[in-house]
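These are the residues of each chain, in order.
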Amino acid sequence: MARKLWSIFIILIATTVAEELKHTVHNINWSAGANAREKARDIRVGDTLIFRYKAGEHNLIEVDKDSYDKCIVPPSAKIFTTGEDALFVHTPGPKYFICGFPQHCKDRDMKLQIEVRDQSDPKLQIDDPNHRKLESTPGPTQPELIVFVVGDDKGWNENVDFEAWAKGKEFYMGDFLAFNYTVGKHNVLGVDEAAFNECTIPEDQNEALSSGKDQVRLLSMGNLGFISGIGKDCENGMKLLINVKCPHTRPKPPALQGGRKLVPSI
């Protein structure tokens, strides 16, 4: 459960804010014939894919090549069901997605194979004029985004009262959390509220951020938990629980408020 929530609720980024703001949001029409219609995209590391569909009629599953070819849902697969599933792509190479509803993948071609390219790769020439038109259409104006430096100048470290740090702050979808710490000493793991309360470390720590300057973008509303999974860090207080609000309810912020840094809309 913690792993699924981590994937659905937040975007994991181990890069600088400036690099993150270069990313492109790709809106995927997740319906029959998706592969033929959506595969002609220039997708780069740092981009976000948003799979849009009517919740309850489809779902979204990221799979490996074999499961993709055979339209098989692996037992341990991540299943997304919101109807607006946002996935951040942080590594180059092929990615595979299918719909897990009976026969949707096999009979309706509800599957998608994409190739994620590095930001430094040459621009991909796309011959589909409909795709070019779609990608060039301006999106809605977004409010200012805010980068919250967790722990302020004390960083993501021991002997910091993160509950007190979060008190009085308002977090909205699209904002960023910046975790600064010494590489190898701590890390950052996303967990659900139950795992947060019990300091339960996810079995797969490959999902931990460990760069020492980790950026986490918030892409869903509700309670989000973060812990350090090294040693007794969590038991010693290296844990943070925040509530993320709808961005449309955000009041217009001043240029600088309570140590929060404003960054441009993306």
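Up top you'll find the structure we're talking about.
Note that the coordinates shown come from a computational prediction; the quantities given were computed from them, not determined experimentally.

About the criteria used
- Residues numbered from 1 in each chain as written.
- Predicted model: local features only at pLDDT ≥ 70, side-chain atom pairs only at ≥ 80, totals over all residues.
- Heavy atoms only, no water.
- Pairing = 2+ DSSP bridges.
- Helix = DSSP H or I, 4+ residues; strand = E, 2+ residues; numbered from the N terminus.
- Disulfide = S-S within 2.5 Å.
- Buried < 20%, exposed > 50% of the residue type's maximum accessible area, 1.4 Å probe, protein only.
- Phe/Tyr/Trp six-rings, centres within 6.5 Å; stacked < 30°, edge-to-face > 60°.

Visitor: So what's going on with the sheet that holds strand β15 (residues 222-227)? Residues and values would help.
Guide: Taken in spatial order, the 4 strands make up an open sheet running β11-β16-β15-β13, and their pairing is mixed. Only two strands of the sheet have a single partner each, and these edge strands are β11 (171-172) and β13 (189-191). Where β13 meets β15, 3 bridges bridge the pair, whose relative direction is antiparallel. When the bridges of β15 are listed, Gly190 appears paired with Phe226.

Visitor: Summarise the state of the cysteines; cite the residues concerned and give the values.
Guide: Going through the model one piece at a time under the given rule, you end up with 2 disulfides. With its sulfur 2.1 Å from that of its partner, Cys71 forms a disulfide with Cys105. On the sign convention where negative is left-handed, the bridge of Cys71 and Cys105, at about -70° about the S-S bond, is left-handed. In this pair, Cys71 sits in the loop between α4 (65-70) and β6 (78-80) while Cys105 sits in helix α5 (residues 104-108), placing the two residues 34 residues apart along the sequence. Covalently, Cys199 is tied to Cys234 through a disulfide, its sulfur atoms 2.1 Å apart. Handedness here is read from the sign of the S-S torsion; for Cys199 and Cys234, about -80°, the answer is left-handed. Taken as a pair, Cys199 in the loop between α8 (193-198) and β14 (213-218) and Cys234 in the loop between β15 and β16 (239-245) lie far apart in primary sequence, 35 residues in all. Here the two residues Cys199 and Cys234 agree in accessibility, since each one is buried. Counting its disulfide-bonded cysteines in sequence order, the protein chain shows a connectivity of 1-2, 3-4.

Visitor: Before we move on, can you summarise the packing of aromatic side chains with the specific residues and values?
Guide: Counted under the stated rule, the structure contains 8 aromatic pairs. Seen from their ring centres, Tyr68 and Tyr96 are 5.3 Å apart, and the 50° between their planes marks the pair as tilted. Taken together, the positions of Tyr68 in helix α4 and Tyr96 in strand β8 (residues 93-98) put the pair 28 residues apart, joining distant regions of the chain. Judged by relative accessible area, which is 4%, Tyr68 ranks as buried. Judged by relative accessible area, Tyr96 falls into the buried class, the value being 10%. Aromatic side chains Trp156 and Phe162 sit 4.8 Å apart centroid to centroid with 50° between the ring planes, which places their arrangement in the tilted category. Residue Trp156 is classed as buried on the basis of its relative accessible area, which comes to 0%.

Visitor: Account for the sheet that holds strand β3 (residues 43-44), naming residues and giving values.
Guide: Strand-to-strand pairing in sheets goes through backbone hydrogen bonds, with the strands running parallel or antiparallel. Taken together, 5 strands build an open sheet; the order of strands is β3-β9-β8-β5-β6 and the sheet is mixed. What marks the edges here is a single partner per strand, and that holds for β3 and β6. Sheet topology places β8 next to strand β9 (residues 111-117); 6 bridges connect them, and they run antiparallel. By the bridge assignment, Gly93 is partnered in β9 with Val116.

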